[in-house]
Amino acid sequence: MLAIIGGSGLTHLANLTVSQRLAVRTPYGEPSGPLTIGAVAGREIVFLARHGYGHTIPPHQVNYRANIWALHAQGVTDIVSIASVGGIRADLLPGVIAVPDQIIDYTHGRASTFFTLEDRGVQHVDFTWPYSGGLRERCLRAARRAGVPVIDGGVYAATQGPRLETAAEINRLERDGAAMVGMTGMPEAILAREIGVNYAAVSLVANHAAGRGGSAASISMLDVAAILDGGMGKVRMIIEQMAGSDGD
Ligand code: HPA
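Below, the structure is looked at part by part. All values derive from a computational prediction rather than experimental measurement.

### Considering the site of the ligand
Okay, so step 1: Every residue close to the ligand is listed here: Ser84, Val85, Gly86, Leu164, Glu165, Val181, Gly182, Met183 and Asn207.
Okay, so step 2: Backbone polar atom of Ser84 to a nitrogen atom of the ligand: 3.4 Å apart, as the coordinates give it.
Okay, so step 3: Within the side chain of Asn207, one N or O atom sits 2.7 Å away from a nitrogen atom of the ligand.
Okay, so step 4: Contact with the protein chains removes 92% of the 260 Å² of surface that the ligand exposes when unbound.
Okay, so step 5: For the ligand, the cavity whose grid points lie within 2 Å of the majority of its atoms is the largest pocket.
Okay, so step 6: Broken down by element, the residue count for the shell around the ligand peaks at three residues, all from strand S5 (residues 78-87).
Okay, so step 7: For the shell around the ligand, the residue count by class is four nonpolar, four polar and one charged.

### Quick look at the pattern of salt bridges
Okay, so step 1: This model, assessed by the stated rule, comprises five salt bridges.
Okay, so step 2: Residue Glu188 is joined to Arg50 by a salt bridge in which the shortest nitrogen-to-oxygen separation is 2.8 Å. Within this pair, whereas Glu188 is found in helix H4 (residues 185-195), its partner Arg50 is found in the loop between strand S4 (43-49) and helix H1 (64-73), the two being separated by 138 residues in sequence.
Okay, so step 3: Overall, the relative accessible area of 0% leaves Arg50 in the buried class.
Okay, so step 4: Between Asp152 and Arg136 there is a salt bridge whose closest N-O contact spans 2.6 Å. Residue Asp152 is located in strand S8 (residues 151-152), and its partner Arg136 is located in helix H2 (residues 133-146); the two are separated by 16 residues in the primary sequence.
Okay, so step 5: Assessed through its relative accessible area of 9%, Arg136 is described here as buried.

### A short note on the nonpolar core
Okay, so step 1: One finds Ile4, Leu13, Val80 and Ile82 to be the most contacted residues of the largest nonpolar core, which totals 42 residues.
Okay, so step 2: Elements supplying a minimum of two residues to this core: strand S1 (2-6), S4, S5, strand S6 (97-99), H2, helix H3 (167-176), strand S11 (198-208) and helix H5 (221-245).
Okay, so step 3: Per element, the largest residue contribution to this core is eight residues, and it comes from H5.
Okay, so step 4: In this structure, Val80 is in contact with Leu2, Ala3, Ile4, Ile5, Leu135, Cys139, Ala200, Val202 and Met242, ignoring residues within four places of it in sequence.
Okay, so step 5: In this structure, Val76, Ile103, Tyr131 and Ile151 belong to the second largest nonpolar core, which totals 38 residues.

### Considering H5
Okay, so step 1: Over its 25 residues, H5 runs 35 Å from end to end, which matches the ideal 36 Å to within 8%, given 1.5 Å per residue.
Okay, so step 2: By the largest-angle criterion, Gly231 marks the main kink of H5, which is about 25°.
Okay, so step 3: Looking at H5, one finds that the buried residues are Val224, Leu228, Gly231, Met232, Val235, Arg236, Ile238, Ile239, Met242, Ala243 and Ser245.

### Here's the deal with H2
Okay, so step 1: Counted at 1.5 Å a residue, the expected span for H2 with its 14 residues is 20 Å, and the 20 Å between its end C-alpha atoms agrees.
Okay, so step 2: Within the span of H2, buried status applies to Leu135, Arg136, Arg138, Cys139, Leu140, Ala142, Ala143 and Ala146.
Okay, so step 3: In this structure, the buried side of H2 is in contact with S1, S5, S6, S8, S11 and H5.
Okay, so step 4: Where H2 ends, the next residue or the one after it, Gly147, has phi of about 75°, a positive value.

Calculation notes
Residues numbered from 1 in each chain as written. Predicted model: local features only at pLDDT ≥ 70, side-chain atom pairs only at ≥ 80, totals over all residues. Heavy atoms only, no water. Near = heavy atom within 4 Å. Polar contact = N/O pair within 3.5 Å; in protein donor to acceptor, adjacent residues only side chain to side chain. Areas by Shrake-Rupley, 256 points an atom, 1.4 Å probe, with all protein chains shown as cover. 1 Å grid on protein atoms, 1.4 Å probe; cavity = no way out; pocket = protein on both sides within 12 Å on 5 of 7 lines; lining within 4 Å. Sits in = over half its atoms within 2 Å of the grid points. Helix = DSSP H or I, 4+ residues; strand = E, 2+ residues; numbered from the N terminus. Nonpolar A, V, L, I, M, F, W, Y, C, P; charged D, E, K, R; others polar. Salt bridge = Lys/Arg side-chain N within 4 Å of Asp/Glu carboxyl O. Buried < 20%, exposed > 50% of the residue type's maximum accessible area, 1.4 Å probe, protein only. Core = buried A, V, L, I, M, F, W, Y, C linked by side-chain atoms within 4.5 Å. Contact = heavy atoms within 4.5 Å. Expected span 1.5 Å × (residues − 1). Bend = angle between axes of the 7 residues up to and from the residue.

See the structure below:
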């Protein structure tokens, strides 16, 4: 079953016919909220708002382990993360959608593994390609069917937040090879890998990253909100195609 974790700008799915809201208890505490179970395009999917349905949980305080554990416990096999990002690479302009293929993790102090309980022992998990190739392809095909242009690939830099970056930090991320920057991609991706769930991300560029283009002097939250409003309509079209396609 497919799950969507919605980030800023996507706290609910307008095209979801809700059948159930499910509060799940986990060994790691509370998820960001109850899982919303319902149908998109006639197929059952699960939705979870990463920052809570009232958008009250900042990126560094999201209980990523509880969220991933709860989805897995519900029978979810594929998670698509919807997240807004700042665009670093020149073609990642506000409003553009990308399906990243790599991650650099700059976060710290987050509970980032399931392998801490005594019975699970120490494990070293392969993470060479952090996103599921098959699920990325499914996102790209769904976007093509929806007629929504998306950029295939790019390095996602996960920063700690909740503050935005300095211009110098963005220059450093660019030197590291990052194409886009967001605050929630990690540890979500590794936790999905650890628990054996496919994971891919659809990133909506909400703003030029700090110091770039329209963000040369500062990042306008009003502009960000307007871009998210417009862009999430396109993201919903992609989700609808994904839900309807059953993996092909
Ligand atoms: N930086 C980090 N995270 C973000 C940004 C940004 O510029 N825009 C949206 N999420």
